[in-house]
Each structure stands twice: as structure tokens, then as C-alpha cells.
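Coordinate analysis (summary)
Here is what each chain is made of, one letter per residue.
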Amino acid sequence: MRPQTTASPEAEVIKAPSPVALVTGAGSPMGRAVVLKLLENGYAVAGIDDKPTDLVGEKHLVLVGDMSTEQDSRLAVSQTIDTFGRLDAAVLLADLGGSSTVHMPGTVAEGEHLLARNLSSIALGIQAAVEGLSIDGHRSIVATASVAGLLADPGNWAYHASKIAMIDLVRSSALTYAARGIRVNNVASGLVRADDPNENPAAQTFGRDFSRRIPLFRLAQPSEIAAVIAFLISPAASYVTGTTLAVDGGLTASAGLVF
Ligand SMILES: NC(=O)c1ccc[n+]([C@@H]2O[C@H](COP(=O)([O-])OP(=O)(O)OC[C@H]3O[C@@H](n4cnc5c(N)ncnc54)[C@H](O)[C@@H]3O)[C@@H](O)[C@H]2O)c1
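A brief report on the enclosed structure follows.

**What about the packing of aromatic side chains?**
- Applying the stated criterion across every chain yields a total of one aromatic pair.
- Measuring from centroid to centroid gives 5.8 Å for Phe206 and Phe210, while their planes differ by 15°, and the two rings are stacked. Within this pair, Phe206 and its partner Phe210 are both found in helix 5 (residues 201-211), separated by four residues, close to a single helical turn.
- For Phe206, a relative accessible area of 45% gives the class partly exposed.

Shown next as C-alpha cells:
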């Protein structure tokens, strides 16, 4: 793994007195929103993605690497600590199938790949973060499950299975690390739509149709998910662990009646 060449030069010299967070999947719309929210909240942030990202700034270290490998997961944590001096929290968003073009049903082999990669990205992220979290920090980890881990849709079995497994992985990790003062939680996001003027017409139509099934009658903005993640990792959520919090406009509260 390597620091991205566009990393902010300031990041290399800052030993932060402020809290420090690692954000995986930082190049995605939601990842960017989380990075921006945490920077706004006074964190120094290391963001890692397997693709180069253009988000740079003061107190932001940009890394490129693959969180489904043990080596890059450990490097992401150690480079964060080398740069900022500590680690207080990890937000684990990196996976396949959120807003990506992976469509199921594919072959079983494609499904197995997605399932294995998504699970290892979270499991290795938790493992590496646990080893790196500063003893005097807020010691918190948040992953992004999905409403797809709470309810099913036709076809997309591997993504659903990865999110169901993630919910149990978070419960189990919360129990495993509670005695070390580490909290582990999940956000189960509903469908997120970034404002994208170039969004294709089919996606726009899908978004409009799907919105009619949501009690709040709209898709989420990335910033609305980021705000809840920022709360969950903060000391304000000090008694919250092992939970999966739906942030879905009421979608999973509904038994399915169309209004
Ligand atoms: N977008 C949605 O509507 C939605 C809904 C529910 C849940 N989620 C979840 O929220 C999270 C973020 O969603 P999104 O739509 O912004 O993400 P996305 O699918 O657009 O992007 C995920 C990012 O993670 C990166 N990534 C994937 N695997 C990686 C790995 N092994 N190592 C490093 N980087 C990796 C990708 O390159 C990408 O930039 C995901 O966990 C997703 O499953 C998204």
C-alpha cells in the first residue's frame, strides 16, 4: 500500500492533539461525506480507498490500498498512527455493491467473491483497528451494513448475505472487545443518492420509483448517513455498542403497504 501522491503535505507533519479517525472506502460518495463531517468535527482523518481519490486537505491523509488484505489493513492503521500520532476511531465503508455496478444475480463464483471480499474488508478492518486504537481515546468502530442486511430483495443474494454477516460480525466484535472499552456498531443505510447531474436517466427513474416506498418519500443524502456515523463514533454514544442503527427514512419500519 502507498500514500496517494496527492496526499496533503500538511498531513505528513501533523501530530494531532485532536481525535484521529481512519475511514475506509473514502473515495465513495458516503466515504467523502464521512471524511468531511469528521474534519468539520475537528478530527484528523486518514482515508483509504482502493482507487485514487481527489479529496485532500489539511489534517487529511489519503491512502490507496485494499482493505480485504491483512497487509493493507494493518498498514492503513500504522500509517495513520505514524502520521497523526494516535487512532481514536475507525469507520469501515469499503466494500463492493453499495452504489457500484456489481449486479446480481451473477454467477455463484461472482457472488462468492463479493461475499468473501466484503467480509474480509470489515473483519480485517476491525482486527487492525482494535490493535491500533489509542488506550486513552474513544475507541470506537462503525461499519456500514445496509437495509439489505435487514430485509431481502430479489436476486442480489451475495450483497444481502454480506450485509447480514456484517451485522453479526459487529455484534460478535462488540462482545469480544467490550472488556477493552471498544465499541463496535453498524449503520444500516437506506438507498443513498448523491446529487449527480450526470446520473443516467434509468437511475433517476429508479430513484423516483423507489422513493415512493420510503415513508419520508426520498432517498438519503450521504451527509445524512455521515451525521449518524459521526454520532456513533463519538463519546456522545458512549453506551451504544453491538447495535445496527437503521438510517433509512422509515423503510424498515414498514410492513410493505403502499401509501
Ligand atoms: N450507496 C447506497 O445506497 C448504500 C446503501 C446501503 C449501504 N451502503 C453501504 O455504505 C457504504 C458506502 O457506500 P457507497 O455507496 O458510498 O459506496 P460505493 O460502493 O460507491 O463505494 C465503496 C468504495 O469502497 C472502495 N472499496 C471497495 N472495496 C475496497 C477494498 N477492499 N479496499 C479499499 N477500498 C475498497 C471502492 O473503490 C469505493 O470507492 C458501503 O459499505 C455500502 O455497502 C450504501
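**Here's the deal with the nonpolar core**
- By size, the foremost hydrophobic cluster in this structure holds 31 residues, and its most contacted members are Leu22, Leu92, Ile126, Ile141, Ile182 and Val184.
- If we ignore the near neighbours within four places in the chain, the residues touching Ile182 are Val130, Leu133, Arg139, Ile141, Ala174, Tyr177 and Thr241.
- Formed by 26 residues, the second largest nonpolar core is a distinct cluster that contains Met30, Val91, Ala226 and Ala237.

**As for the environment of Asp54**
- Secondary-structure assignment places Asp54 in the loop between strand 3 (44-49) and strand 4 (60-64).
- As a C-alpha pair, Asp54 and Gly27 span 27 residues in sequence and 7.9 Å in three-dimensional space.

**A short note on the side chain of Ser121**
- Following the sequence through the fold, Ser121 ends up in helix 3 (residues 108-132).
- A distance of 2.8 Å separates a polar atom in the side chain of Ser121 from the backbone oxygen of Arg117.
- Not counting the four nearest positions on each side in its chain, Ser121 is found in contact with Met67, Ser68 and Ala94.

**Brief notes about helix 4 (residues 157-177)**
- In this model, helix 4 (21 residues) spans 30 Å end to end at C-alpha, consistent with the 30 Å of a helix rising 1.5 Å per residue.
- Along helix 4, the residues that are buried comprise Ala158, Tyr159, His160, Ser162, Lys163, Met166, Ile167, Val170, Ser173, Ala174 and Tyr177.

**Considerations on the pattern of salt bridges**
- All chains considered together, the criterion is met by 10 salt bridges.
- A salt bridge links Asp66 to Arg117; the shortest N-O distance between them is 3.6 Å. You can see Asp66 sitting in the loop between strand 4 and helix 2 (70-84) and its partner Arg117 sitting in helix 3, a full 51 residues away along the chain.
- One network of salt bridges, with partners in common, ties together Asp50, Asp66 and Arg117.

Quick notes on the rules
Residues numbered from 1 in each chain as written. Predicted model: local features only at pLDDT ≥ 70, side-chain atom pairs only at ≥ 80, totals over all residues. Heavy atoms only, no water. Phe/Tyr/Trp six-rings, centres within 6.5 Å; stacked < 30°, edge-to-face > 60°. Helix = DSSP H or I, 4+ residues; strand = E, 2+ residues; numbered from the N terminus. Buried < 20%, exposed > 50% of the residue type's maximum accessible area, 1.4 Å probe, protein only. Core = buried A, V, L, I, M, F, W, Y, C linked by side-chain atoms within 4.5 Å. Contact = heavy atoms within 4.5 Å. Polar contact = N/O pair within 3.5 Å; in protein donor to acceptor, adjacent residues only side chain to side chain. Expected span 1.5 Å × (residues − 1). Salt bridge = Lys/Arg side-chain N within 4 Å of Asp/Glu carboxyl O.

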